Amino acid sequence: MGTLASVLEHAGFATVALSSIRGQIETTSPPRALHCEFPLGRPLGKPNDADFQREVLIAAFSLLEEPDGPVLVDYPISIEDDADAPLSCPIPPSDTSDRNPTAAEALGLLPAWRRTQETYGRSTVGKVVTAEQVPDMLDLFTRITDGESWEDIGFPGDPTKIAADIKNFYEEAAISLSNLPPSARSAESWFVTETLGGQTIQTARIKMKEAGVKFYFWYYLLPMTQHHEVDTK
Amino acid sequence: MSDKQLRSKLGGLEGFAFDQIPWTAPKPLHESRVAIVTTAGLRVEDDADWNAGDQGFTEIPRDADDLTLAHYSPNFDRVGWVLDKNVVFPIDRLHELAEEGIIGSVAETHISFMGAQPDHTLETIRLDSGPAAAKLLTDAEVDLVLLTPV
């Protein structure tokens, strides 16, 4: 982002960049940057906190008063993520009479996912499949955990994007199942450590890595924050 | 692994810096038309999904209400975006600052690129898509650009 800021500044605009990774902003050295130690994915810090977001913007725009640059200032407030604290989130009981338990779990989460859509009107599901197709996709990933090669399964698109649709579906369902809006990465950790769906993707990821599959296809099945030590052998 | 550990891994990656950091003297803030340029990999409804290595951009109209966060990398939180788009794309905050007279106005046109580029030289952004985006912002009479990551 720092390089892009310089391209735009060179074109005649004054620029102010919010920074999320200090090392990268030091390397790329944009004209003006406010480094905010907030969870990755939340560059304004706190969702649904207009006052907090406003203060961040006011601090960023104050850098325009500097007479020369480059300027890199640290915002005085930090926010930690909760990758190490999975969300406390009940999973609805599912009907496993004619589905594998993982697909049945996802079917049971569909009503919660729909409630989130009704409340917030936004979804990150849909890169390849719809929320309704998530149970079928979990059937496909289960075949990898059973030893089948991912290339023989017939995914309807890039498996990393399908895995993202699955993860995002679970996280969005969790928004409606938890008492409070999930803090950063707490729903992600819940998905990977507490649900059959997440455990299926994790196992498939490790199997693909061990089978020598191209880096991109196993590495991006889950966030790096959830690449647990079991796959480092 | 937490964001702190992730930052220490990603912070050491190679990046491109210009030999001379450009500098544009800003107009007074209360007279400036402000645009957001984000690297979050946003798209509007009919745009194609982002793929790793895409160095293009997409134009976001000021009143777009069908935005999707479609970045290829899974390595950041998406829940915040679902709860409140302003935590990534603070368009409502800019409107409020314009109403208060702190900034001059909110641009008609905003732009999304996608960060976490495998090609750290960003050659296409530097030589092609970056200048093309700048042309759009010039046409929209933008003075000040706020860049947001994810």
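Residues numbered from 1 in each chain as written. Chains lettered and ligands numbered in written order. Predicted model: local features only at pLDDT ≥ 70, side-chain atom pairs only at ≥ 80, totals over all residues.

## Points about the overall build of chain B
Scanning chain B from terminus to terminus reveals four helices and seven strands. Reading the helices (α) and strands (β) of chain B from amino to carboxyl end gives α-β-β-β-β-α-α-β-β-α-β. For 150 residues, the compact-globule estimate of 2.2 N^0.38 gives 15 Å, and chain B sits close to it at 16 Å. A principal-axis box enclosing the C-alpha atoms of chain B has dimensions of 40 × 40 × 30 Å. (Helix = DSSP H or I, 4+ residues; strand = E, 2+ residues; numbered from the N terminus. Rg over C-alpha atoms; globule rule 2.2 N^0.38 Å.)

## Observations regarding the overall build of chain A
Within chain A one finds nine helices and three strands. Listing the helices and strands of chain A from first to last along the sequence gives α-β-α-β-α-β-α-α-α-α-α-α. Taken along the three principal axes of its C-alpha coordinates, chain A extends 70 × 40 × 30 Å. Sorting the 233 residues of chain A into buried and exposed places 51% on the buried side. Of the contacts made within chain A by residues no fewer than 6 positions apart, 65% connect residues no fewer than 24 positions apart. (Buried ≥ 20, exposed ≤ 12 C-beta atoms within 10 Å, placed from the backbone. Contact = placed C-beta atoms within 7 Å.)

## Quick word on the domain arrangement of chain A
A common way to state how big an interface is: give the accessible area lost once the parts meet. Domain parsing of chain A yields domain 1 (2–74) and domain 2 (101–231). Placing the centre of domain 1 of chain A and that of domain 2 of chain A at their C-alpha centroids yields a distance of 32 Å. (Domains from an automatic or database assignment.)

## A short note on the nonpolar core
Judged by nonpolar contacts, the single largest core of 101 residues is most densely connected at Leu4, Ala60, Ile166 and Ala174 of chain A together with Val145 and Leu147 of chain B. Among the elements that make up this core, the one with the highest residue count is helix 6 (residues 159–177) of chain A (ten residues). Mapping this core onto the domain boundaries places at least three of its residues in each of domain 1 (2–74) and domain 2 (101–231) of chain A. (Core = buried A, V, L, I, M, F, W, Y, C linked by C-beta atoms within 7 Å.)

## Overview of the interface of chain B and chain A
Facing 63 residues of chain B, the contacting portion of chain A comprises 73 residues. Secondary structure elements with two or more residues in the side of chain B that touches chain A: helix 1 (3–10), strand 4 (68–69), helix 2 (79–83), helix 3 (91–99), helix 4 (123–139) and strand 7 (144–148) of chain B. With six residues, helix 4 of chain B is the largest single contributor of residues to the side of chain B that touches chain A. Of the residues assigned to the side of chain B that touches chain A, the class counts are 39 nonpolar, 13 polar and eleven charged. Where strand 1 (residues 14–19) of chain A and strand 7 of chain B come together, four bridges link them in parallel fashion. Considered in strand 7 of chain B, the bridge of Thr15 of chain A is made with Val145 of chain B. (Nonpolar A, V, L, I, M, F, W, Y, C, P; charged D, E, K, R; others polar. Pairing = 2+ DSSP bridges.)

## Points about the packing of helix 4 (residues 101–120) of chain A against helix 8 (residues 196–210) of chain A
The relative placement of two packed helices is expressed as an angle between their axes plus a distance between the axes. Residues and elements named next belong to chain A. Remark: helix 4 packs on helix 8, axes separated minimally by 8 Å, with the N-to-C direction vectors making an angle of 135 degrees. Relative to helix 8, the element helix 4 is oriented oblique. Across from Pro101, Thr102, Glu105 and Ala106 in helix 4, the residues of helix 8 making contact are Leu196, Gly197 and Thr200. Class assignment for the residues of the contact of helix 4 with helix 8 results in three nonpolar, three polar and one charged. (Axes fitted to C-alpha atoms, helices over the stretch in contact; angles between N-to-C directions. Parallel < 35°, antiparallel > 145°, perpendicular 65-115°, else oblique.)

## Overview of unusual backbone geometry
Leaving glycine out, the prevailing phi sign among residues is negative, and the prevailing peptide bond configuration is trans. Residue and element names in this part refer to chain A. Between Gly69 and the following residue, Pro70, the backbone shows a cis peptide bond with an omega angle of 10 degrees. Mapped onto the elements, Pro70 comes out in the loop between helix 3 (50–62) and strand 3 (71–74). A positive phi angle is found at Ser29, which is not glycine, with a value near 50 degrees. Along the polypeptide, Ser29 turns up in the loop between helix 2 (22–28) and strand 2 (32–35).

## What about the environment of Val150 of chain B?
Checked against the element boundaries, Val150 of chain B lands in the segment after strand 7. Here Val150 of chain B falls in the buried class, since 29 other C-beta atoms lie within 10 Å of it. Between the C-alpha atoms of Val150 of chain B and Ala40 of chain B, which are 110 residues apart in sequence, the distance is 5.3 Å. Those residues in contact with Val150 of chain B that sit more than four places away from it in its chain are Leu40, Gly41 and Pro43 of chain A together with Ala40, His71, Phe76, Val88 and Gly115 of chain B.

## Describing the pairing of strand 6 (residues 109–112) of chain B
Residues and elements named next belong to chain B. As defined by bridge partners, strand 1 (residues 33–38) adjoins strand 6 across two bridges and the pair is classed as parallel. Bridging from a neighbouring strand, Val37 pairs with Ile111 of strand 6. Pairing geometry for strand 3 (residues 58–61) and strand 6, over four bridges, is antiparallel. Paired with Ile60 across the strands is His110, a residue of strand 6.

## Considerations on helix 1 (residues 2–10) of chain A
Residue and element names in this part refer to chain A. Counting buried positions over the nine residues of helix 1 gives nine, a clear majority of the element. When helix 1 is considered as a whole, its buried residues turn out to be Gly2, Thr3, Leu4, Ala5, Ser6, Val7, Leu8, Glu9 and His10. After helix 1 finishes, the residue Gly12 shows a positive phi value of roughly 115 degrees.

## Considerations on the packing of helix 5 (residues 134–145) of chain A against helix 6 of chain A
Residues and elements named next belong to chain A. Contact geometry of helix 5 with helix 6 gives a least axis separation of 10 Å together with a crossing angle of 125 degrees. The angle between helix 5 and helix 6 falls in the class oblique. Helix-helix and strand crossings are classified by hand; for helix 5 and helix 6 the assignment is left-handed. On helix 6, the residues touching Val134, Met137 and Leu138 of helix 5 are Ile162, Asp165, Ile166 and Phe169. Looking at the contact of helix 5 with helix 6 residue by residue, the class counts come to six nonpolar, no polar and one charged. (Left-handed = near helix turned anticlockwise from the far one by under 90°.)

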